[in-house]
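Chain and residue survey
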Amino acid sequence: MSATTSAAGPSPIPEAAPVSLSAREPQVPADRLVAEMVPPPRFSTARFDTYIPDPGQPGQSEAVRVLSTFAAGLGGAHATGTGKRRWFARAKQTVPAGPRGVYLDGGYGVGKTHLLASLWHATPAEPALKAFGTFVELTNLVGALGFQQTVRTLSGHRLLCIDEFELDDPGDTVLVSTLLGKLVDAGVALAATSNTLPGKLGEGRFASADFLREIQGLSAHFKALRIDGEDYRHRGLPEAPAPYSEEQVTKAAYATEGASLDDFPHLLDHLARVHPSRYGALTDDLKAVCLTDVTPVPDQSTALRLVVLADRLYDREVPVLASGVPFDRLFSEEMLNGGYRKKYFRAISRLTALARDAKGLVQS
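Just so it is clear, the model here is predicted, and its values are computed rather than measured. As a convention, each chain's residues are numbered from 1 in the sequence order in which they are written. Thresholds applied to this predicted model are a pLDDT of at least 70 for local features of residues and 80 or more for the giving and counting of side-chain atom pairs; totals over whole chains, interfaces and linings are not thresholded and use all residues. Side-chain descriptors were evaluated using all non-hydrogen atoms of the structure, hydrogens and water having been removed beforehand.

1. Remarks on the overall build of the protein
A tally of regular secondary structure across the protein gives 14 helices and 8 strands. Exposure is judged per residue with a 1.4 Å probe applied to protein chains only, and the accessible area is read against the type maximum: over 50% gives exposed, under 20% gives buried, and values in between give partly exposed. Counting across all 364 residues of the protein, residues that qualify as buried make up 51%. In what follows, residue pairs with any heavy atoms lying within 4.5 Å of each other are defined as contacts. Sequence-distant contacts in the protein: of pairs separated by 6 or more residues, those separated by 24 or more amount to 85%. Throughout, the Shrake-Rupley method with a 1.4 Å probe supplies accessible areas, and for residues the shown protein chains are the sole cover considered. Carbon together with sulfur atoms contributes 53% to the accessible area of the protein, which is approximately 16300 Å² in total. Secondary structure counts use DSSP, requiring at least four H or I residues in a row for a helix and at least two E residues in a row for a strand, with both numbered from the N terminus.

2. Focus: helix H4 (residues 112-122)
Summarising burial for H4: 9 of the 11 residues are buried, a large majority. Within the sequence span of H4, burial applies to Lys112, Thr113, His114, Leu115, Leu116, Ala117, Ser118, Leu119 and Trp120.

3. A short note on the nonpolar core
If you look at the biggest cluster of nonpolar residues, it comprises 63 residues, and the most contacted ones within it are Leu115, Leu119 and Phe331. Broken down by element, the residue count for this core peaks at 8 residues, all from helix H12 (residues 300-315). Beyond its immediate stretch of four places on either side in the chain, leucine 115 contacts Phe48, Tyr51, Ala63, Val64, Leu67, Leu104 and Ile227. Leu141, Leu154, Leu183 and Val188 belong to the second largest nonpolar core, which has 24 residues in total. Residue types Ala, Val, Leu, Ile, Met, Phe, Trp, Tyr and Cys, when buried and joined through side-chain atoms within 4.5 Å, form a set referred to as a nonpolar core.

4. Looking at empty space enclosed by the protein
Space inside and on the surface of the protein is sampled on a 1 Å grid over the protein atoms alone, with a cavity defined as a set of points where a 1.4 Å probe fits but cannot get out and a pocket as an open set with protein on both sides within 12 Å along at least 5 of 7 lines; lining residues have an atom within 4 Å of a point. Grid points are joined across faces, edges and corners, and a volume is the space filled by probe spheres set on the points. The full count for this structure, using the stated rule, is 1 cavity of 30 Å³ or more. Reported here for the largest cavity is a volume of approximately 70 Å³. When contributions to the lining of the largest cavity are tallied by element, the ones reaching two or more residues are helix H10 (264-271), strand E7 (288-294) and H12. A per-element tally of the lining of the largest cavity places H12 first, with 4 residues.

See below:
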């Protein structure tokens, strides 16, 4: 909407220009990375009693029961957050017998992150003694602090929740597997989620077997929970809106307080210059993201960076309004059939949900 004038003829009231993500270069200190290891805003109020199981999928209700019991059992696992070596020895003797971890195995949008966040909230410990982050955020933490300091930082925790555990990067998987081994030895309880690959849906325990193999000697510490169901983001909801015109997107960006406006190809170039650990800070204080000229991503490195940005926007519930191609055409058929396909399908699902959230930004 252009500058407006009242019927009486006062001077126009100009609208504030939207910010540009491409102009932001956030610097994120390591202590912020640790402090922000809590459930993201989208799941800040997630609880077991707000999870709505699909009546046709009994595994969802069973997961709530098992996770509730698991959380209650963590009440006495750690008496303090100290990192002293003598205390570790005592902690090992007080760790209950049986699995000290749970793994949620299932497809997209069945509520795994909601359940993982509910577990974090239900665990009887101070927030400083619980950590919640994605697999990528955990590897970024190791990169920022170093391996040994990360072990020392997290060893005093009662629970570590890892969302979207990645099984497609052998190097990072071995790194995190080694880290988890150190944390288990220190008495830290673990919980993780990952997605069944689209081509493997219906193949029973494929994802859990794959997960347990990748984390090598830690398999005995995990109880796998299978959660089937359809993507709740599309369950009984209309299809995502088609892309809007460039004029509509630009008009909405100027009319929406706290919105950003970027040319999509320029934003992709900018993401290559910003470390993915800073993508969360890149979106600080945004109320909407407006993108013009959305085109298919040109290569896999660019696509993987876009996946991280999509995750951070989804976590923060930032609607995305776009012109250009629909979000389900962002990734090539080769990408969707390749080793990173689960990331791309997740990004499509989440961007579609955010596009639906943005529909109200466009004035009729």
